[in-house]
Amino acid sequence: MKMTFQPKKRQRKREHGFMKRMRTASGREIIKKRRLRGRKQLSA
């Protein structure tokens, strides 16, 4: 049996990346909150 998590860099970026977040109002809100919190990495 193989491991359940099969990482794919492109898929991860497309689904949870910065550009995807910036497309929606709620996504922009998430980025804003993460900036305020002082996160080193804002998105995947």
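Anything mentioned here points back to the structure above.
Below is a short write-up of the structure. Within each chain, residue numbers correspond to sequence positions counted from 1 in written order. Two thresholds apply to this predicted model, a pLDDT of at least 70 for residue-level local features and 80 or more for giving and counting side-chain atom pairs, whereas whole-chain, interface and lining totals are computed over all residues. Where side-chain values are given, they derive from all heavy atoms of the structure, hydrogens and water being excluded.

A word on the overall build of the protein
Segments assigned H or I by DSSP are reported as helices when at least four residues long, segments assigned E as strands when at least two residues long, and all are numbered from the N terminus. Summing up its helical and strand segments, the protein has three helices and zero strands in all. Scanning the protein from its N terminus toward the C terminus, one meets helices and strands in the order α-α-α. Along the longest, intermediate and shortest principal axes, the C-alpha atoms of the protein span 40 × 20 × 15 Å. Per-residue and other accessible areas follow the Shrake-Rupley method at a 1.4 Å probe size, with only the shown protein chains counted as cover for residues. As presented, the protein carries roughly 4600 Å² of accessible surface, and 54% of it is formed by carbon and sulfur atoms.

Details of helix H3 (residues 25–37)
Taking 1.5 Å per residue as the helical rise, H3 with its 13 residues ought to reach 18 Å, and the 19 Å between its terminal C-alpha atoms agrees with that figure. One or two steps after H3, the chain reaches Gly38, where phi turns positive at roughly 85 degrees. Any helix carries an expected span of 1.5 Å times its number of residues minus one.

Quick word on the pattern of salt bridges
The working definition used for a salt bridge is a side-chain nitrogen of Lys or Arg within 4 Å of a carboxyl oxygen of Asp or Glu. Summed over all chains, the structure comprises two salt bridges. Among the salt bridges present, the one from Lys32 reaches Glu29, with a minimum N-O distance of 3.8 Å. Of the two residues, Lys32 and Glu29 are both situated in helix H3; the distance of three residues between them amounts to about one turn of the helix. Residue classification places Lys32 among the partly exposed positions, given a relative accessible area of 45%. With a shortest N-O distance of 3.8 Å, Glu29 and Lys33 are connected by a salt bridge. Separated by four residues within a single helix, Glu29 and Lys33 lie in helix H3, roughly one turn from each other. Look at the salt bridges and you will find they share partners, linking Glu29, Lys32 and Lys33 into a network. Three exposure classes are used, based on accessible area relative to the maximum for each residue type with a 1.4 Å probe and protein chains only: buried under 20%, partly exposed in between, and exposed over 50%.

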